[in-house]
Amino acid sequence: MSKTLAINAGSSSLKFQLLEMPAEEVIAKGQVERIGLDDGIFTLKFNGEKTEITKDFPDHRAAIEEMLTQFKEKQVINDLSEITGVGHRVVAGGEWFNKSVVVDDEVLDKIKRLSAYAPLHNPANAAGIEIFRELLPNAISVAVFDTAFHQTMPRENYLYSLPYEYYTKYGARKYGAHGTSHRYVSERTAEILDKPLEDLKLITLHLGAGASITAIKDGKSFDTSMGFTPLAGVTMATRSGDVDPSLVYYIQEREGLSNEEMLYVLNNKSGLLGISTIASDMRDLEDVMDTNDHAKLAVDMFVDSVMRYIGQYIVELGGVDAITFTAGIGENSDIVRRMVGERLNFMGIKVDPEANQVRGKERIISTDDSTAKVLVVPTNEELEIARDVERLKNEQ
Ligand code: AMP
């Protein structure tokens, strides 16, 4: 038995989970927020106890050192040598990485070079990797890419109808995101249905603050809704999802916005927040949607955008065996699941109203006579990361 850390480093945050492997038991988890800002917050959950520390964390190194210090202080571990592997979520893997890899200097260099595709994320991911390699030199370091699962998409699905040279010159194509989540959820769906994953046509709906939808064929990602960046696809909490690109220039010109400012609007002021004008959180919108027209419009547009991808993917897959909901909205919102289900009734896909009353638990929510299964499967990216670390450790 050994302990594996799953790390998700953002630009100002660091989420961690320590697992006992191969038992797949979560020992401790927590996060550091507001790295580089005043009043950082460190949170650790261990043994049913929650520790919260407020202090400044000038950089990721300070955050990681605090985590390791607290691990020892709270006796989560006795010695750092117990941690034998660290798995890092990396947002952009480009075309270089189609699976998780053990990090060496060359991999680290490539992750840094891929920062152009994820300017907010890859530098933080790379910094996290570097610090852990230094502080835990004997632990295997593994990079798990958000984009890797989608590298199986056929080129007609990942290319944009732009001059082909932009693809060869700049890597202008669809990379997708949330790959680790879609992979985990599709594996669980096959297990729950007791069918080989390779035999299933699946649509996985990762509906959280960021949302993406994936069509899975032969156990592989066949198409996905996010694009060159995670801005594309369905309506999200504050991200626009798909828009006509010429509209972007039209608005930019009239509002006098720089490229960065326009991108900020598309990433941070659009989506559910932009339409509703009141909230980016689905819970807040559901609470008032019966009386607030804008909240209702935002929820309707969100569901509509989900339906467009489900419809497209059923056609692309030539049918569907199962549709799986995951992430914050997918796992918790019976309202959104009911609305999606109703729109599929005409094809004989039926969500059972009673089974649908579920939050954050695995369950088949379709009726027995439904033409496709509908499921809720809570995502677990940390476990998938830890499994990759374990596998690569055993392969060494
Ligand atoms: P995630 O990004 O996966 O953590 O999902 C976060 C989002 O899930 C929040 O912004 C909410 O919109 C949504 N969410 C969480 N709990 C609920 C709930 N009980 N009902 C509806 N939406 C929820």
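The structure under discussion appears in the preceding block.
Residues numbered from 1 in each chain as written. Predicted model: local features only at pLDDT ≥ 70, side-chain atom pairs only at ≥ 80, totals over all residues. Heavy atoms only, no water.

Colleague: Teacher, can you tell me more about the packing of aromatic side chains here?
Modeller: Aromatic rings considered in pairs are described by the distance between their centres and by the relative angle of their planes. Throughout the structure, instances matching the rule amount to 10 aromatic pairs. For the ring pair Phe-97 and Phe-145, a centre distance of 4.2 Å and an interplane angle of 10 degrees mean the geometry is stacked. Residue Phe-97 is located in the loop between strand 6 (83-90) and strand 7 (101-102), and its partner Phe-145 is located in strand 8 (residues 140-145); the two are separated by 48 residues in the primary sequence. Judged by its relative accessible area of 5%, Phe-97 falls in the buried class. By the ring-pair criterion, three or more aromatic residues cluster together here, those being Phe-16, Phe-42 and Phe-71. (Phe/Tyr/Trp six-rings, centres within 6.5 Å; stacked < 30°, edge-to-face > 60°. Helix = DSSP H or I, 4+ residues; strand = E, 2+ residues; numbered from the N terminus. Buried < 20%, exposed > 50% of the residue type's maximum accessible area, 1.4 Å probe, protein only.)

Colleague: How do you make sense of the site of the ligand when you look at a structure like this?
Modeller: Neighbouring the ligand are Gly-208, Ala-209, Asp-281, Met-282, Arg-283, Glu-286, Ala-327, Gly-328, Ile-329, Asn-332, Ser-333 and Arg-359. Within the contact set of the ligand, an oxygen atom lies 2.9 Å away from a backbone nitrogen or oxygen of Ala-209. Within the contact set of the ligand, an oxygen atom lies 2.9 Å away from a backbone nitrogen or oxygen of Gly-328. When the ligand sits alone it has 500 Å² of accessible area, and the protein chains cover 74% of it. Listing elements by their share of the shell around the ligand, those giving two or more residues are helix 10 (282-288) and helix 12 (327-332). Split by residue class, the shell around the ligand holds four nonpolar, four polar and four charged. (Near = heavy atom within 4 Å. Polar contact = N/O pair within 3.5 Å; in protein donor to acceptor, adjacent residues only side chain to side chain. Areas by Shrake-Rupley, 256 points an atom, 1.4 Å probe, with all protein chains shown as cover. Nonpolar A, V, L, I, M, F, W, Y, C, P; charged D, E, K, R; others polar.)

Colleague: Quick question: what am I supposed to make of the nonpolar core here?
Modeller: Membership of the largest hydrophobic core comes to 44 residues, with the highest contact counts inside it found for Ile-203, Leu-205, Leu-207, Phe-302, Val-306, Ile-310 and Val-340. The set of elements that each furnish at least two residues to this core consists of strand 9 (202-207), strand 10 (211-217), helix 10, helix 11 (293-317), strand 12 (322-326), helix 13 (334-344) and strand 14 (373-376). Per element, the largest residue contribution to this core is 12 residues, and it comes from helix 11. Aside from chain neighbours lying at most four places away, what touches Val-340 is Val-303, Val-306, Met-307, Ile-310 and Phe-325. Ile-35, Ile-53, Ala-63 and Ile-83 belong to the second largest nonpolar core, which has 29 residues in total. (Core = buried A, V, L, I, M, F, W, Y, C linked by side-chain atoms within 4.5 Å. Contact = heavy atoms within 4.5 Å.)

Purely geometric stuff here, so don't read any function into it on its own.
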